[in-house]
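# Reading the structure
Listed below, chain by chain, are the residues.
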Amino acid sequence: MSALLEVDDLHKHYRLRGRGWWGQRSVVRAVDGVTLRLERGEALGLVGESGCGKSTLARTLLGLETPDGGSIRFEGRSIDEVEPRWLQRRVQMVFQDPYTTLPPHMSIRRIIAEPLIIHGLAKGDELQRRVDALIADVGLPAAVADRRPRQLSGGQRQRVGIARALALEPSLLIADEAVSALDVSVQAQILNLLRELQERLGLALLFVSHDIGVVTHVSQRIAVMYLGKVVETGPALDVYADPLHPYTRVLMDSVPDPTRRGRDRMRARGDPPDPKDPPSGCAFHPRCPIAVDRCRDEVPLLEDWRPEQHAACHLALEPLDGADTNEVDRSAT
Ligand SMILES: Nc1ncnc2c1ncn2[C@@H]1O[C@H](COP(=O)(O)OP(=O)(O)OP(=O)(O)O)[C@@H](O)[C@H]1O
Ligand code: SF4
Ligand SMILES: [Mg+2]
């Protein structure tokens, strides 16, 4: 059977208004050859720093952006060939900011009912029954149905966003920074809800975040992006326990983790590069604590270094703890 989602060598480039030094149009390769596979009911975490292309990839999967190359297949069908409505029924999104993405004048009941009404899936008592069930599914009290978004807390609003996304019974839910706008204690509740829904409903989840700790908490597999490319992918716990790519290690070491106390922290040198002018060879080389000459010239390909764990790094099996002390902050706990 085909996978739920198959993404093959996907490209999405933005041509910017201004022109570069030689008069040519500047181009940002926001998604630059991404290949991914997501099985039914699986949770895949997509992680990387700001600007690495996570949201562009998510938007392209939803059909909101037209790819510049490559293919996306959903349930074995190319998304170029399906009706937008067919895709909407199957792929839904939970947005980052529950404060601005819910229509303020509508009741919660109406907000959750809207996708069912638009798609002609329920009306009358059946519609009310389905809305009540969705409100209960996301752990909200029945009384919220007649309130407006401004009368709810941030966490409650995000639950409404999730209920609205689940109304069409999608097989894939994309959550793009769905907890980043919330307080830490509320974040944990929403993450647990997403995990529980994924297991109970057999829902596939693409969980997008810049925080690798959060991503590992909800995902079975993770994909790490850097400047439009996937640089490491594998089972979440294996990647977290023993990352192959120095960039993954840098992301992990930027997250406070009491269980990792006393270990050297690896930090990237300098700031992320200008995405309009990415570095040659391995795009991470100017920031990489273990880069060698070869990294400047040769683009590393995503290869299987361990069963199920792939990385795009010439030195993927080098022990990262042996990195140059100048690049590793040994004072950090
Ligand atoms: N509509 C657009 N026009 C031009 N450039 C864009 C557009 N959307 C995104 N980009 C650029 O594409 C790159 C990837 O952006 P994207 O929003 O996908 O990153 P992200 O990983 O989601 O970042 P964040 O963590 O900040 O949400 C960035 O360099 C961004 O400036
Ligand atoms: S290929 Fe070289 S520069 Fe790139 S991550 Fe690996 S060691 Fe660092
Ligand atoms: Mg984003």
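Not measured: the values here are computed from a predicted model. Position numbers for residues count from 1 along each chain, tracking the sequence in the order it is written. Both sets of labels track the order of writing: A upward for chains, 1 upward for ligands. At least 70 in pLDDT is required for a residue's local features to be given in this predicted model, at least 80 for side-chain atom pairs to be given and counted, and no such filter applies to totals for whole chains, interfaces and linings, which use all residues. Here the side-chain values reflect all heavy atoms present in the structure, with hydrogen atoms and water set aside.

What follows deals with the overall build of the chain. Counting from the N terminus, the helices are the DSSP runs of H or I reaching at least four residues and the strands are the DSSP runs of E reaching at least two. When you go through the chain residue by residue, the secondary structure sums to ten helices and 14 strands. All radius of gyration figures rest on C-alpha atoms, and the globule criterion is 2.2 Å times the number of residues raised to 0.38. Taking 20 Å as the expected radius of gyration for a compact globule of 333 residues, we find that the chain reaches 21 Å, a close match to that expectation. Taken along the three principal axes of its C-alpha coordinates, the chain extends 70 × 50 × 45 Å. Whether a residue is buried, partly exposed or exposed follows from its accessible area with a 1.4 Å probe, protein chains only, as a fraction of its type maximum: under 20%, in between, or over 50%, in that order. Across the 333 residues that make up the chain, the buried fraction comes to 52%. The contacts of the chain with a sequence gap of at least 6 include a subset with a gap of at least 24, amounting to 64%. On the chain, roughly 16200 Å² of surface is accessible, and the fraction owed to carbon and sulfur atoms is 49%. Neither His nor the chain ends contribute to the count of charged residues, in which Lys and Arg are positive and Asp and Glu negative. Positions of charges follow a simple convention, taking NZ of Lys, CZ of Arg, CG of Asp or CD of Glu. Once the 43 positive and 47 negative side-chain charges of the chain are each reduced to a mean point, those two points are 7 Å apart. Any two residues whose heavy atoms approach within 4.5 Å are treated as being in contact. Areas reported here follow the Shrake-Rupley algorithm with a probe of radius 1.4 Å; residue values treat only the protein chains shown as occluding.

In this section: the side chain of Glu 177. Structurally, the position occupied by Glu 177 is in the loop between β7 (172–176) and α6 (184–201). Lacking a salt bridge, the buried Glu 177 has Lys 54 as its closest oppositely charged neighbour, with an N-O distance of 4.3 Å. Polar side-chain contacts of Glu 177 include one of 2.8 Å to the side chain of Ser 180. Once residues within four sequence positions are removed from consideration, Glu 177 is found in contact with Lys 54, Gln 96, Val 208, Ser 209 and His 210. Each salt bridge in this description consists of a side-chain nitrogen of Lys or Arg and a carboxyl oxygen of Asp or Glu lying within 4 Å of one another. Under the rule applied, a polar contact is a pair of N or O atoms within 3.5 Å (in protein, one hydrogen donor and one hydrogen acceptor; residues adjacent in sequence only if both atoms are side-chain atoms).

Attention now moves to the packing of helix α3 (residues 108–118) against helix α5 (residues 154–166). Angles here are taken between N-to-C directions and fall from 0 to 180 degrees, while the axes themselves are lines fitted to C-alpha atoms, restricted in helices to the stretch in contact. It is the contact of α3 with α5, at a shortest axis distance of 7 Å, that shows an interaxial angle of 30 degrees. Classified by the angle their axes make, α3 and α5 are roughly parallel. With respect to the hand of their crossing, α3 and α5 are arranged in right-handed fashion. Only Val 160, Ala 163 and Arg 164 of α5 make contact with α3, whose side of the interface consists of Ile 108, Ile 111, Ile 112 and Pro 115. Of the residues belonging to the contact of α3 with α5, the class tally is six nonpolar, no polar and one charged. Roughly parallel here means an angle under 35 degrees, roughly antiparallel means over 145, roughly perpendicular means 65 to 115, and every remaining angle is called oblique. In this scheme the handedness of a crossing depends on how the near helix is turned from the far one: anticlockwise by less than a right angle means left-handed, clockwise means right-handed. Ten residue types, Ala, Val, Leu, Ile, Met, Phe, Trp, Tyr, Cys and Pro, are classed as nonpolar, four, Asp, Glu, Lys and Arg, as charged, and the remainder, Gly among them, as polar.

Turning our attention to the pairing of strand β4 (residues 69–74). Relative to strand β5 (residues 77–78), β4 runs antiparallel, the two being bridged by two bridges. Each bridged residue has a counterpart across the sheet, and for Phe 74 the counterpart in β5 is Arg 77. When DSSP finds at least two bridges between two strands, those strands are taken to pair. Between β4 and β5, which pair antiparallel in sequence order, lie two residues; one of them, Glu 75, sits at a positive phi of approximately 50 degrees.

Next up on the list: the confidence of the model for the chain. The predictor rates its confidence in each residue with pLDDT, a number between 0 and 100. When pLDDT is averaged along the chain, the result is 90, and 92% of the positions lie at 70 or above. Note that pLDDT drops below 50 for residues 324–333; the model gives that stretch 21 contacts with residues more than four away or on any other chain.

Looking now at the nonpolar core. Counting 70 residues, the largest nonpolar core has Ile 162 and Phe 207 as its most contacted members. Beyond its immediate stretch of four places on either side in the chain, Ile 162 contacts Val 94, Val 138, Ile 190, Leu 193, Leu 194 and Leu 197. One finds Ile 72, Val 82, Ile 174 and Met 225 within the second-largest nonpolar core, a separate group that totals 31 residues. The set of buried Ala, Val, Leu, Ile, Met, Phe, Trp, Tyr and Cys residues whose side-chain atoms join them within 4.5 Å is what this entry labels a nonpolar core.

Residues in close proximity to ligand 1 total 14 residues, the closest being Ser 50, Gly 51, Lys 54, Ser 55 and Thr 56. Measuring from an oxygen atom of ligand 1, one finds a backbone N or O atom of Gly 53 at 3.1 Å. In this structure, Thr 56 approaches ligand 1 through a side-chain N or O atom, which is 2.5 Å from an oxygen atom. Calculation on ligand 1 without its partners gives an accessible area of 640 Å², and the protein chains cover 63% of this total. Listing elements by their share of the shell around ligand 1, those giving two or more residues are β1 (5–19), β2 (25–38) and α1 (54–61). Examining the composition of the shell around ligand 1, we find that three residues originate from one element, α1, more than from any other. Here the residues of the shell around ligand 1 are counted per class, giving six nonpolar, five polar and three charged. We define proximity as follows: a residue is near a molecule or strand when any one of its heavy atoms falls within 4 Å of that partner.

On to α3. One turn of an α-helix holds 3.6 residues; hence residues three or four places apart share an orientation. Those residues of α3 lying buried are Ile 108, Ile 111, Ile 112, Ala 113, Pro 115 and Leu 116. The secondary structure elements touched by the buried residues of α3 are α4 (124–137) and α5. The first or second residue beyond α3 is Gly 120, which carries a positive phi of 65 degrees.

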